[in-house]
Amino acid sequence: MTRKGMVLPAGSKWVGSCDGGPVNLDPGYKSTSAEAASESTIKPFGRAHNMGLAPYHVVPGWGHGLIWAVFQNSAVSFRAITLTMSLALATAMLRASGRTSGEYSLVLVSAKLVPVFVVVQNLATLLFLVVDVACKWIIMGRRYQVTEILKRTLNGW
């Protein structure tokens, strides 16, 4: 899909929008076999990843695995910590009410636990959001608009 009246060559690859028009990533098939034979077979990703010519840091495969494992462990810990904190706070609230353990009913425990869990979960979510944004700012540095990144990337090749 493109602007009215614009024709894209067969086999070419276009993405996004830059100054109102799509950005050409790959011109597609060449008109002559001589042109096709003389062109490099290494595409932008290959130049960036395998040859180290990207204007940004390319994380290797083991780095992606490590990041995935850390975030999965964080997600599991997040669920366990919020539930444990909620149970501890609800237990403290029930003990403070002066009831003995035999007077607890499922409705009473749920009435204390659910609101506490909602508050703890929301506070923990906001805290992790702040930590996540701070980590992204530390890792990524200055934030550029996508069009600037595309221009720098395509002009560098």
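Let me begin by describing the structure that accompanies this report. The structure displayed is predicted, hence computed values, not measured ones.

A closer look at helix 4 (residues 106-140)
- A rise of 1.5 Å per residue sets the reference length of helix 4, with its 35 residues, at 51 Å; its end C-alpha atoms lie 48 Å apart and thus fit the reference within 8%.
- Where helix 4 is concerned, the buried positions are Leu-108, Val-116, Val-120, Gln-121 and Ala-124.

Structural notes on the side chain of Gln-121
- With respect to the helices, strands and loops of the structure, Gln-121 is situated in helix 4.
- At a separation of 3.2 Å, a polar atom in the side chain of Gln-121 contacts the side chain of Thr-82.
- Among residues more than four places away in sequence, those in contact with Gln-121 are Phe-78 and Thr-82.

Observations concerning the pattern of salt bridges
- Enumeration over the complete set of coordinates arrives at one salt bridge.
- Here Lys-136 ties to Asp-132 by a salt bridge, and the two come within 3.5 Å at their closest N and O atoms. Note that Lys-136 and Asp-132 are positioned in helix 4 at a spacing of four residues, about one turn of the helix.
- Classification of Lys-136 by relative accessible area gives partly exposed; the value is 44%.

Quick word on the packing of aromatic side chains
- A complete count under the given rule lists one aromatic pair for this structure.
- Ring centres of Phe-78 and Phe-128 lie 4.8 Å apart, and the angle between their planes is 80°; on these two criteria the pair is classed as edge-to-face. A residue pair is termed long-range when its members are at least 10 positions apart, and Phe-78 in helix 3 (residues 61-96) and Phe-128 in helix 4 qualify at 50 residues.
- According to the relative accessible area criterion, Phe-78 is buried, its value standing at 9%.

Rules used in this analysis
- Residues numbered from 1 in each chain as written.
- Predicted model: local features only at pLDDT ≥ 70, side-chain atom pairs only at ≥ 80, totals over all residues.
- Heavy atoms only, no water.
- Helix = DSSP H or I, 4+ residues; strand = E, 2+ residues; numbered from the N terminus.
- Expected span 1.5 Å × (residues − 1).
- Buried < 20%, exposed > 50% of the residue type's maximum accessible area, 1.4 Å probe, protein only.
- Polar contact = N/O pair within 3.5 Å; in protein donor to acceptor, adjacent residues only side chain to side chain.
- Contact = heavy atoms within 4.5 Å.
- Salt bridge = Lys/Arg side-chain N within 4 Å of Asp/Glu carboxyl O.
- Phe/Tyr/Trp six-rings, centres within 6.5 Å; stacked < 30°, edge-to-face > 60°.

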